[in-house]
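# Coordinate inspection notes
Each chain, letter by letter, is given below.
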Amino acid sequence: MRKPRTVPFVVTVGVIGFLTTSAAADTPFGERPAEAADFSLGIGYAHFSIGDSDSALEGLDMVRLEASATMAPLPRVPQLRLGAALGFGFVVDNASFVAVSDEGLFAEGSGDIPLWALEPELRLSWRQHVGDRGLFVEPGVGVGAVFARISLDTEDTDLGDPYDEWEEGLSARAFLNVGFEVAGGMAGLQFSYMRGEELDFAPNAGGDVEEFYVGLFGSIRF
């Protein structure tokens, strides 16, 4: 059975602007309360797979957006961060995909965004500052879920209707933020690896979820 053709693409990332107050802008790095909460937005590239090399959904190129917020639950240990995140990824590819329904019916089709995923998570991390120049590293872990949707406009099908299916499962993520402080917030890079439970769209389109992600983020404190 023919596998989908994925089209490599280059994600053009714009500079993320920061909203700051005049008081924050006049505050030197390192003098903001370390336990302050923050809100971040990020964008980047994800290599997303559902199943192994036998799956029609293996090795997809995905644009991924993420919003997250963290706080320090223990004022005496401001490095410890507790937070939540919501990721949204989508594949941009109008090549032909082949899927087989649970009833054994055949479907072939394409879509401008054939697959997208929603990834809510709870996170725990440790933000360690390095030196006095505002640099920091922040390793952490997250637990949550992944909700994925396939949507195809069928071209050759026994189904008679567009192929539109949802699947969901639990997930876990390890991530590393590397960045620096700016007036009123932070900016940097995030690297992460996520594994999720098996999603079973069809006999030739299913398996465990795997995602490698790298992207830019910017945050504001409040």
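Right, let's walk through the structure included here. From a predicted model like this one, the values you see are computed outputs, not experimental measurements.

Calculation rules
Residues numbered from 1 in each chain as written. Predicted model: local features only at pLDDT ≥ 70, side-chain atom pairs only at ≥ 80, totals over all residues. Heavy atoms only, no water. Core = buried A, V, L, I, M, F, W, Y, C linked by side-chain atoms within 4.5 Å. Buried < 20%, exposed > 50% of the residue type's maximum accessible area, 1.4 Å probe, protein only. Helix = DSSP H or I, 4+ residues; strand = E, 2+ residues; numbered from the N terminus. Contact = heavy atoms within 4.5 Å. Salt bridge = Lys/Arg side-chain N within 4 Å of Asp/Glu carboxyl O. Patch = residues over 30% accessible without salt bridge, like charges linked within 9 Å, V, L, I, M, F, W, Y side chains within 5 Å. Areas by Shrake-Rupley, 256 points an atom, 1.4 Å probe, with all protein chains shown as cover.

In this structure, F48, I50, L57, L115 and F201 are the most contacted members of the largest nonpolar core, which totals 22 residues. Within the residue set of this core, elements represented by two or more residues are β1 (38-50), β2 (57-71), β6 (115-126), β8 (135-157), β10 (185-202) and β11 (205-221).

Summarising the element assignment, S40 is placed in strand β1. For the pair formed by S40 and M186, sequence separation is 146 residues and the distance between their alpha carbons is 8.5 Å. Look past the residues within four positions of S40 in its chain and what remains in contact with it is E66, A67, S68, F217, G218 and S219.

If charged atoms from side chains of opposite charge come close, those side chains can pair. Enumeration over the complete set of coordinates arrives at 14 salt bridges. Notably, a salt bridge pairs E119 with R64, separated by 2.9 Å at the nearest N-O pair. Placement of E119 in strand β6 and of R64 in strand β2 is noted, with a sequence separation of 55 residues between them. Between D208 and R195 there is a salt bridge whose closest N-O contact spans 3.5 Å.

So, about a nonpolar patch on the surface. Taken together, the side chains of V130, L135, V137, L176, V178, F180, L189, F191, V214 and L216 make up a nonpolar region of the molecular surface, amounting to roughly 730 Å² of accessible area. Contributions of two or more residues to the nonpolar patch are made by β8, β9 (163-182), β10 and β11. For the nonpolar patch, the element with the highest residue contribution is β9, accounting for three residues. Mapped onto the elements, F191 comes out in strand β10. Judged by its relative accessible area of 37%, F191 falls in the partly exposed class.

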